Amino acid sequence: MALYSAAAAVLEGLERGGGLRDLVYNSGFPLYALVSETLRYSPVLEELLAGAALLQAEKKLPPQLAKVLVYDLLFGKGLKCGGRWKALARRHRARLEAELARLKVRQKVSSNEELLAPAQAASPGASQVPRYVRVNTLKTCVEDVIDFFKRQGYSYLGKAASVEDLRALSGKKFLLDLHLPELLVFPPQTDFHDNLLYTSGHIILQDKASCLPAFLLSPAAGSHVIDACAAPGNKTSHLAAILKNKGQIFAFDVDTKRLATMNTMLMRAGVTSFQLAQQDFLTVDPRDPKYSKVTCILLDPSCSGSGMVNRLPREEAAPSAQRLQALAGFQRKALSHALSFPALQRLVYSTCSLHQEENEDVVHAVLQEQGSAFRLVNAFPAWPCRGLATFPSAGCCLRASPADTLTQGFFMAVLERGGDTAAPRVLPAAEEEPEPQPAPRKRKKQRVK
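Treat the numbers as computed from the prediction; the structure is a model and nothing was measured.

Asks: I'd like a rundown of the overall build of the chain, residues and numbers included.
Replies: Of regular secondary structure, the chain possesses 18 helices and 15 strands. Across the 449 residues of the chain, 52% fall into the buried class. Relative to all contacts within the chain whose residues are 6 or more apart in sequence, the contacts with residues 24 or more apart total 72%. Approximately 19,500 Å² of the chain is accessible, and the part contributed by carbon and sulfur atoms is 52%.

Asks: Can you tell me about the packing of helix α3 (residues 32-40) against helix α6 (residues 63-74), naming the residues and giving the values?
Replies: Put simply, α3 and α6 touch, their axes get as near as 10 Å, and they point 95° apart. It follows that α3 is roughly perpendicular to α6 by the angle criterion. For the pair α3 and α6, the contacting residues are Leu 34, Glu 37 and Thr 38 in the first and Lys 67, Val 68, Tyr 71 and Asp 72 in the second. Split into classes, the residues belonging to the contact of α3 with α6 amount to three nonpolar, one polar and three charged.

Asks: Can you explain the nonpolar core? Please cite residues and give values.
Replies: Grouped together as the largest cluster of nonpolar side chains are 54 residues, with contacts concentrated most on Leu 166 and Leu 216. Core analysis: the second largest hydrophobic core is formed by 35 residues, Ala 7, Ala 8, Leu 34 and Ala 66 among them.

Asks: I'd like a description of helix α7 (residues 84-91), backed by residues and values.
Replies: Of all the residues in α7, the buried ones are Trp 85, Leu 88 and Ala 89. Down the axis of α7, the sector holding all buried residues measures 95°, keeping them to one side. Away from its buried face by more than 90 degrees, α7 exposes Arg 84 and Arg 91. Where α7 is buried, its residues meet α6 and α8 (93-107).

Asks: Requested: an account of the pairing of strand β14 (residues 410-417), with residues and values cited.
Replies: Among the eight residues of β14, seven are classified as buried, and the element is accordingly described as predominantly covered. As judged from the six bridges shared by strand β10 (residues 346-351) and β14, these two strands associate in the antiparallel manner. Looking at the pairing, Leu 347 lines up with Leu 415 of β14. Relative to β14, strand β11 (residues 374-376) is paired through three bridges, and the arrangement is antiparallel. Residue Arg 375 lies in a different strand from β14, and its bridge partner there is Glu 416.

Asks: Let's hear about the sheet that holds strand β5 (residues 203-205): which residues, and what values?
Replies: Judged by pairing direction, the sheet is mixed, and its five strands sit side by side in the order β2-β3-β4-β1-β5 without closing on themselves. For this open sheet the edge positions go to β2 (155-159) and β5, each flanked by a neighbour on one side alone. Recorded for the sheet is a direction-independent mean angle of 30° between the axes of neighbouring strands. Relative to strand β3 (residues 173-176), β2 runs parallel, the two sharing three bridges. Paired with Lys 159 across the strands is Leu 176, a residue of β3.

Asks: Got a sec to walk through the packing of helix α13 (residues 208-217) against helix α14 (residues 234-243)? Specific residues and values, please.
Replies: Between two packed helices, both the angle of their axes relative to each other and the distance between the axes serve to describe the pair. Here α13 crosses α14 at 35°, and the two axes come no closer than 9 Å. When the axes of α13 and α14 are compared, the crossing they make is right-handed. Judged by residue contacts, Ser 210, Cys 211, Pro 213, Ala 214, Phe 215 and Leu 217 of α13 engage Lys 235, His 238, Leu 239 and Ile 242 from α14. Here the residues of the contact of α13 with α14 sort into seven nonpolar, two polar and one charged.

Asks: How would you summarise the confidence of the model for the chain if you had to cite specific residues and measurements?
Replies: On average, residues of the chain carry a pLDDT of 86, and 83% of them reach 70 or more. Overall, residues 420-426 carries pLDDT values under 50, and its contacts beyond four positions in sequence, including any with other chains, amount to 18 contacts.

Asks: Summarise the environment of Leu 243; cite the residues concerned and give the values.
Replies: Summarising the element assignment, Leu 243 is placed in helix α14. Taking relative accessible area as the criterion, Leu 243 reaches 0% and is therefore assigned buried. Expressed as a C-alpha distance, the spacing of Leu 243 and Ala 221, which sit 22 residues apart in the sequence, is 4.3 Å. Beyond its immediate stretch of four places on either side in the chain, Leu 243 contacts Pro 219, Ala 220, Ala 221, Gly 222, Ser 223, Val 225 and Ile 249.

Asks: With reference to specific residues and values, describe the pairing of strand β9 (residues 294-299).
Replies: Taking burial as the measure, the six residues of β9 include five buried ones, the bulk of the element. Alignment of strand β6 (residues 224-227) against β9, held across four bridges, turns out to be parallel. Residue pairing in the sheet places Val 225 in a bridge with Cys 296 of β9. Two strands pair when backbone bridges link them, and β9 and β10 are joined in this way by four bridges, in the parallel orientation. By the bridge assignment for β10, Ile 297 is matched with Leu 347.

What counts, and where the lines are drawn
- Residues numbered from 1 in each chain as written.
- Predicted model: local features only at pLDDT ≥ 70, side-chain atom pairs only at ≥ 80, totals over all residues.
- Heavy atoms only, no water.
- Helix = DSSP H or I, 4+ residues; strand = E, 2+ residues; numbered from the N terminus.
- Buried < 20%, exposed > 50% of the residue type's maximum accessible area, 1.4 Å probe, protein only.
- Contact = heavy atoms within 4.5 Å.
- Areas by Shrake-Rupley, 256 points an atom, 1.4 Å probe, with all protein chains shown as cover.
- Axes fitted to C-alpha atoms, helices over the stretch in contact; angles between N-to-C directions.
- Parallel < 35°, antiparallel > 145°, perpendicular 65-115°, else oblique.
- Nonpolar A, V, L, I, M, F, W, Y, C, P; charged D, E, K, R; others polar.
- Core = buried A, V, L, I, M, F, W, Y, C linked by side-chain atoms within 4.5 Å.
- Arc of directions from axis to C-beta.
- Pairing = 2+ DSSP bridges.
- Left-handed = near helix turned anticlockwise from the far one by under 90°.
- pLDDT = per-residue confidence, 0-100.

What follows is the structure in structure tokens.
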């Protein structure tokens, strides 16, 4: 029941003008898909509630909770909650289903998707993004996770050779990603939120583009690392896995609820080498002896979120020029501040924005301020989408999009200390690893049965 109550609270927050991303982070539940789909079907749900007179019959049922319950009852995967609200919804099921059938007849359609107006229909880019599953190597290994899914009836097709292989996935088939060695790829909308591997922290449900920043930073085991704007914690847990829990991660966020949620998530993932601080990163003193050994920083600052297309219910209004200028100003300050840590050697700057103002323009402006102190690295040469050609070395940056990389929209830049920015160094790609071949062997990590 907590899941549906939390989803209803998010919908109420949206009505008050809150942002979907922040509200979901604050909730502590895997709500993004449920809330987004309820929003997408909202006009249809309102017609069904009115036609079935559900709110009149059940005066204690909050309207937003009614929407969430009816969405999952009629369009989702069935009600998962217990208690009186589940019984209530099922008591009205026949009336709701009859009203849905009448609505289809009136609109002369046969499928649920056809009931949606074009504005509510899922975009082609969003609907084709696969379900990415990052194996949490702090608790298990790729081979064991592949074995587990095979025992659950999934068919493992090996390592993908191209993005087209990912695009062709369907049914209960899955692949090893062609770029990231610990990322499994399943068909779009595959739901693992109730899967034992997820609830036990053995896998992390994380978009591929969101996995790239930690992968590109690639701190050596034992390093001291800062995750500057850390919540909800997926990137932090990824850094910890790369570090093998050796070293130290300093993670900052200004929101108490997000940090509490993040702490729970990191504990579940088996992360031990971290310190959380409720603090604005811009107020952190780079000269504090605590940070004297920080050599790597992951900076993923607040942004417009314009790249978050996966499962979004509708096109959000484009941010105004004034809003973009304000965001870019904050992002430039954050990047300049991060580069002031005295022992820093490498930094990854990333956003889930599509706007040049928050991406290439920010990186270029700060590099110009820094002179020769830092340079852009030609990161991950095999990645197909590069930065917009707004300055000479912008092609060193990475971009991601649903159409080109089958991910959410993202931007990344890798900066390193020293050298000539006119001749950026190439950051070596990860060594080619043999494709995992599940086989009986001695297990070094906890195995989920």
